[in-house]
Amino acid sequence: MSEKIAIKPELVIPDLVAADSQDAIRQLGEALVSAGYAKGSYVDAVLEREKSYPTGIEFPLCGVAMPHGEPDDVLGAAIAIGRCANPVPFKRMEDFSQEVDVRLVAMLAVADPAGHLDVLGKLIAAFSDEETCAALLSSDDPAAIAKIVDDAINGGE
């Protein structure tokens, strides 16, 4: 991965209240746009992509979604993290006819295709680790949540 992925407290919503998956994506997308990591069009691109390629995955401790869009709308590499106050249904990645009750949403804004796949792999590893996932689910501190994800993605650099 060529560039460091920004994972900052202002990109973390520790008590995300979302009516549905689209609402969760909009809220996290707005955080990325407000912080200057994505164009306003990024949110619509992610919503459109989610219709054809849903991102809900069931992990040992909870459901996770990792929505993302096209690199053309990305201004800088970053991840916005939302911990849902109540589970939000997302379509299941491997079976579009089913849903996953998602507690953690990691919305990626990465322009480099190779970097994008690397980040997805590292996120999957982090969410698969029960200790890491439990720490994300139990912390209310945006800085602590950002550090957990930053350590998993950037190795704490």
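(A) Inspection of the overall build of the chain at higher detail. A tally of regular secondary structure across the chain gives five helices and five strands. Each helix and strand of the chain, placed in order from N terminus to C terminus, yields the pattern β-α-α-β-β-β-β-α-α-α. Its C-alpha atoms give the chain a radius of gyration of 14 Å, within 12% of the compact-globule value 15 Å for 157 residues. In terms of overall dimensions, the chain has a C-alpha envelope of 30 × 30 × 25 Å along the principal axes. Among the 157 residues that make up the chain, the fraction classed as buried is 48%. For the chain, the proportion of contacts with a sequence separation of at least 24, taken over those separated by at least 6, is 69%. As presented, the chain carries roughly 7100 Å² of accessible surface, and 50% of it is formed by carbon and sulfur atoms. Distance from the positive charge centre (12 side chains) to the negative charge centre (27 side chains) of the chain: 2 Å.

(B) Looking closely at the packing of helix H4 (residues 130-138) against helix H5 (residues 142-154). One can describe the packing of H4 onto H5 by two numbers: an axis separation of 9 Å at closest approach and a directional angle of 160°. Relative to H5, the element H4 lies roughly antiparallel. Considering how the two elements wind past one another, H4 and H5 form a crossing that is left-handed. Residue-level inspection shows Thr132, Ala135 and Leu136 of H4 in contact with H5, the latter providing Ile145, Ile148 and Val149. Class assignment of the residues belonging to the contact of H4 with H5 gives a composition of five nonpolar, one polar and no charged.

(C) View of the nonpolar core. Among the nonpolar cores identified, the biggest contains 27 residues, and Leu11, Leu32, Tyr42, Phe90, Val105 and Met107 are the most heavily contacted of them. Those elements giving two or more residues to this core turn out to be helix H1 (21-34), helix H2 (41-52), strand S4 (78-91) and strand S5 (99-109). Among all residues touching methionine 107, those that are not within four sequence positions of it are Ile25, Leu28, Gly29, Leu32, Tyr42, Val46, Pro67, Ala78, Ile79 and Ala80.

Definitions and cut-offs
Residues numbered from 1 in each chain as written. Predicted model: local features only at pLDDT ≥ 70, side-chain atom pairs only at ≥ 80, totals over all residues. Heavy atoms only, no water. Helix = DSSP H or I, 4+ residues; strand = E, 2+ residues; numbered from the N terminus. Rg over C-alpha atoms; globule rule 2.2 N^0.38 Å. Buried < 20%, exposed > 50% of the residue type's maximum accessible area, 1.4 Å probe, protein only. Contact = heavy atoms within 4.5 Å. Areas by Shrake-Rupley, 256 points an atom, 1.4 Å probe, with all protein chains shown as cover. Lys, Arg positive; Asp, Glu negative; His and termini not counted. Charge placed at Lys NZ, Arg CZ, Asp CG, Glu CD. Axes fitted to C-alpha atoms, helices over the stretch in contact; angles between N-to-C directions. Parallel < 35°, antiparallel > 145°, perpendicular 65-115°, else oblique. Left-handed = near helix turned anticlockwise from the far one by under 90°. Nonpolar A, V, L, I, M, F, W, Y, C, P; charged D, E, K, R; others polar. Core = buried A, V, L, I, M, F, W, Y, C linked by side-chain atoms within 4.5 Å.

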